[in-house]
Amino acid sequence: MTSTPDLQKLAHDIKQWGLELGFDQVGITDCDLTSEESKLEAWLASGYHGEMEYMARYGLMRARPAELQPGTLRVISVRMNYLPSGAQIAKTLADPTRGYVSRYALGRDYHKTLRNRLKQLGERIQQASQDMLQFRPFVDSAPIMERPLADKAGLGWTGKHTLLLNKNAGSFFFLGELLVDLPLPIDHPIEPACGNCSACIQICPTGAIVAPYQVDARRCISYLTIELNGPIPEELRPLIGNRIYGCDDCQLICPWNRYAVTSPEPDFSPRQSLHTPDLLTLWAWDEAMFLKTTEGSAIRRIGFEKWQRNIAIALGNGPASDDVIHALEYKRAQASPLVQEHIDWALCQLRSLVSSENRKHDKLIRCIYKGLADHA
Ligand code: SF4
Ligand code: SF4
């Protein structure tokens, strides 16, 4: 017997085991991302990665999985839907007294959930291949270009917002990879289906999608509220609205997310305190409360200072009530210089006439989202 039929069967079994482990789709691809290398270099050369210095540090190794894990022949790419049912998107975005947390971060930190499942998948393949297999799991890991790999593995196509899109599931899913040293048969990419649409480019509050398939992370609210450590550029603050951790706008407007599938995974169920939270309640938290409430959540990674910075901006973009102004003033003395600067900006916004003009822009965006009833 040649090895080919065994590998065909193994590839088939791997997909079945992946589904049994809770993944929604599994694809297999080789390690050749040569076509991505020039795009990656151009993106880095433009400085679009901002402070994400690790992106530049790994350089072209990100497009060469076999350099990362010697002997790697194939990448098993998986996706797992995360949108919880009753995600209350429109309700939260439309209410400037509430903070909007990107829907992927409402439950437990997905990195652990996915990595554990990928490890189980690797062990199962190892058993089936009589311990011949070496494997290494990755989840949202800097050294690897997971979206192009998932694209090559046929899990979807890359949308103009640079996220992966699937005809049956939209884009609200996590990706993960298992690097293996078996020459499994590979899957093939699917045809892109964005067509003439450019809704994500038009809706982006900060103009971060600078051209189709090109995001300037330095303008992206996800980068600004999660990755950026210092002050958020002043001209972008009014455009952030009430988004306190990440942003889903380019996904929410995407017509393919009519087909988004909600997840039954208990780990992704929203925490009550983060689902559609009152900004003043979040602002009242001290660091101990922040650490306790975000235990096991991806939000904890940004730390209390950035959390406060983000909430100060959201409060500055909201209605100018006495309660809000007093709450901001009250915290100022104990706040770090970074947070103090954002408190001062928020107070200035709330007291100025200019702020009402700026808020008009955000109001317009919220009106658009009121039309998003699917996952409201
Ligand atoms: S996540 Fe938000 S800010 Fe970033 S590209 Fe999408 S719409 Fe723009
Ligand atoms: S909004 Fe339109 S252009 Fe953007 S990713 Fe979706 S289909 Fe593609």
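Since the structure is predicted, the reported quantities are computational estimates derived from the model, not experimental observations.

A short note on the site of ligand 2
Phase 1 of the analysis: Every residue close to ligand 2 is listed here: Gly-159, Lys-160, His-161, Leu-165, Cys-194, Cys-197, Ala-199, Cys-200, Cys-254, Pro-255 and Trp-256.
Phase 2 of the analysis: In terms of residue class, the shell around ligand 2 is built from eight nonpolar, two polar and one charged.

Some details on the domain arrangement of the protein
How big an interface is tends to be stated in terms of accessible area lost as the parts join.
Phase 1 of the analysis: Domain boundaries in the protein define domain 1 (3–84 + 106–180) and domain 2 (199–260 + 270–370).
Phase 2 of the analysis: One C-alpha centre belongs to domain 1, the other to domain 2; they are set 30 Å apart.
Phase 3 of the analysis: Between domain 1 and domain 2, the contact holds 31 residues from the first and 34 residues from the second.
Phase 4 of the analysis: Regarding the contact of domain 1 and domain 2, the summed buried area is about 2,600 Å², with carbon and sulfur atoms giving 61% of it.
Phase 5 of the analysis: Sorting the residues of domain 1 by area buried against domain 2 places Tyr-48, Leu-106 and Lys-160 first, and these three jointly supply 26% of that buried surface.
Phase 6 of the analysis: Counting across the interface, domain 1 meets domain 2 through one salt bridge.
Phase 7 of the analysis: The salt bridge partner of Arg-301 is Asp-109, with a shortest N-O separation of 3.1 Å.

Digging into the nonpolar core
Side chains that are nonpolar tend, in soluble globular proteins, to be buried together.
Phase 1 of the analysis: Among the nonpolar cores identified, the biggest contains 93 residues, and Ile-76, Ile-125, Leu-184 and Trp-307 are the most heavily contacted of them.
Phase 2 of the analysis: If one sorts the elements of this core by residue count, helix 15 (residues 303–316) sits on top with seven residues.
Phase 3 of the analysis: In terms of domain composition, this core takes at least three residues from each of domain 1 (3–84 + 106–180) and domain 2 (199–260 + 270–370).
Phase 4 of the analysis: With sequence-adjacent residues up to four places away left out, Ile-76 is seen in contact with Ile-14, Val-26, Gly-27, Ile-28, Leu-121, Ile-125, Gly-176, Glu-177, Leu-178, Val-180 and Leu-184.

What counts, and at which threshold
- Residues numbered from 1 in each chain as written.
- Chains lettered and ligands numbered in written order.
- Predicted model: local features only at pLDDT ≥ 70, side-chain atom pairs only at ≥ 80, totals over all residues.
- Heavy atoms only, no water.
- Near = heavy atom within 4 Å.
- Nonpolar A, V, L, I, M, F, W, Y, C, P; charged D, E, K, R; others polar.
- Domains from an automatic or database assignment.
- Contact = heavy atoms within 4.5 Å.
- Buried area = accessible area lost by both parts, 1.4 Å probe.
- Salt bridge = Lys/Arg side-chain N within 4 Å of Asp/Glu carboxyl O.
- Core = buried A, V, L, I, M, F, W, Y, C linked by side-chain atoms within 4.5 Å.
- Buried < 20%, exposed > 50% of the residue type's maximum accessible area, 1.4 Å probe, protein only.
- Helix = DSSP H or I, 4+ residues; strand = E, 2+ residues; numbered from the N terminus.

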